[in-house]
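Residue-level structural notes
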Amino acid sequence: MHFGSGMADIEQEKRRAAARSLDLVRDGMCLGLGSGSTATIMLELLGERVRAGLRIRGVPTSEASRCLAEQWGIPLTDFDHVNRLDLTIDGADEVDHDLNLIKGGGGALLREKIVASVSDQVVIVADSRKRVQQLGHFALPVEVVRFAWKPIAVRVRQLGCTVQLRCQPDGQPFETDEGNFILDCNFDRIRDPRQTARVLDAMPGVMEHGLFVDVAHVLMIARGSQVEVYER
Ligand code: A5P
């Protein structure tokens, strides 16, 4: 945690990390477009480059990012037309020293993981608060089918976490772009992210979870006026 950073400083960090990631974008690329507030800034800056003549196409990781991309004039495509992406730029909720991530704070983890999985390069952009020694302080989002969310929640709880169904301000369950529910799972510490990911992967009814292990290739994390770049 970067104590002493106000919200304006954090916004600046997000902007710096997002701007740096665009150095990797080349004419003709097909991009995965991330979700969340840092990815939103990236989309705004990418839109500026498109208006200046950059020719790219993007596959958004959420309906929210699709709307933003359209708003910024970024040409879009989809998996009916492309099988691979050159580069995905996305945010994260937590990043450890092996570049393992928790994602899904915004609920877009399923599409985010699919898009990342077909990308030649996955770049994570983040502010300084996101770097952690160990994943798990941020509640791990687990996307589950609505049909059996309660028994699935019981099984997930047996992993040693507390589980909460994500709800909207009106008290109704939050629904993902794919029509599923999200369980926010508070582990405090996830000692072995790879093993936890394996167990969740094997659980019927779990559509996806926010543990991204061996997915990110590059982390661009802003700290004050600097952007630190780490590669896996
Ligand atoms: C969206 O579902 C998430 O995975 C985001 O990428 C993540 O929550 C980071 O969002 P911020 O950039 O808003 O912190």
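The following paragraphs examine the structure supplied in this document. (Residues numbered from 1 in each chain as written. Predicted model: local features only at pLDDT ≥ 70, side-chain atom pairs only at ≥ 80, totals over all residues. Heavy atoms only, no water.)

In this section: the site of the ligand. Near the ligand you find 16 residues, and of these Ser37, Thr38, Asp93, Glu112 and Lys130 are the closest. Computed on the free molecule, the ligand has an accessible area of 380 Å², of which 91% lies beneath the protein chains in the complex. Each residue belonging to the shell around the ligand can be placed in one class, and the counts come to two nonpolar, nine polar and five charged. (Near = heavy atom within 4 Å. Areas by Shrake-Rupley, 256 points an atom, 1.4 Å probe, with all protein chains shown as cover. Nonpolar A, V, L, I, M, F, W, Y, C, P; charged D, E, K, R; others polar.)

Before going further, it helps to spend a moment on the environment of aspartate 9. Take aspartate 9: it is sitting in helix 1 (residues 7-21). Residue classification places aspartate 9 among the partly exposed residues on the basis of a relative accessible area of 42%. Residues aspartate 9 and cysteine 67, 58 residues apart in the sequence, show an inter-C-alpha distance of 27 Å. (Helix = DSSP H or I, 4+ residues; strand = E, 2+ residues; numbered from the N terminus. Buried < 20%, exposed > 50% of the residue type's maximum accessible area, 1.4 Å probe, protein only.)

What follows is about the packing of helix 1 against helix 2 (residues 37-51). Close contact between helix 1 and helix 2 brings their axes to 9 Å; oriented N to C, the two are set at 50°. Here helix 1 is positioned oblique relative to helix 2, judged by the angle of their axes. Helix-helix and strand crossings are classified by hand; for helix 1 and helix 2 the assignment is right-handed. Only Ser37, Thr38, Ile41, Met42, Glu44, Leu45 and Arg49 of helix 2 make contact with helix 1, whose side of the interface consists of Glu11, Lys14, Arg15, Ala18, Ala19 and Ser21. (Axes fitted to C-alpha atoms, helices over the stretch in contact; angles between N-to-C directions. Parallel < 35°, antiparallel > 145°, perpendicular 65-115°, else oblique. Left-handed = near helix turned anticlockwise from the far one by under 90°. Contact = heavy atoms within 4.5 Å.)

Attention now goes to the sheet that holds strand 13 (residues 226-231). Read across the open sheet, the six strands follow the order 2-1-3-6-12-13; overall the sheet is mixed. The sheet is open, and its two borders are formed by strand 2 (57-60) and strand 13, each paired with just one other strand. Here the strands of the sheet are splayed against their neighbours by 20° on average, with no regard to which way each runs. The pairing of strand 6 (residues 119-126) with strand 12 (residues 218-223) spans four bridges and is parallel. Paired with isoleucine 124 across the strands is leucine 219, a residue of strand 12. On the sheet, helix 2 packs against strand 1 (30-33), strand 3 (85-90) and strand 6 and is oriented at approximately 145° with respect to strand 1. (Pairing = 2+ DSSP bridges.)

So far we have only geometry, and geometry alone does not tell us how the molecule works.
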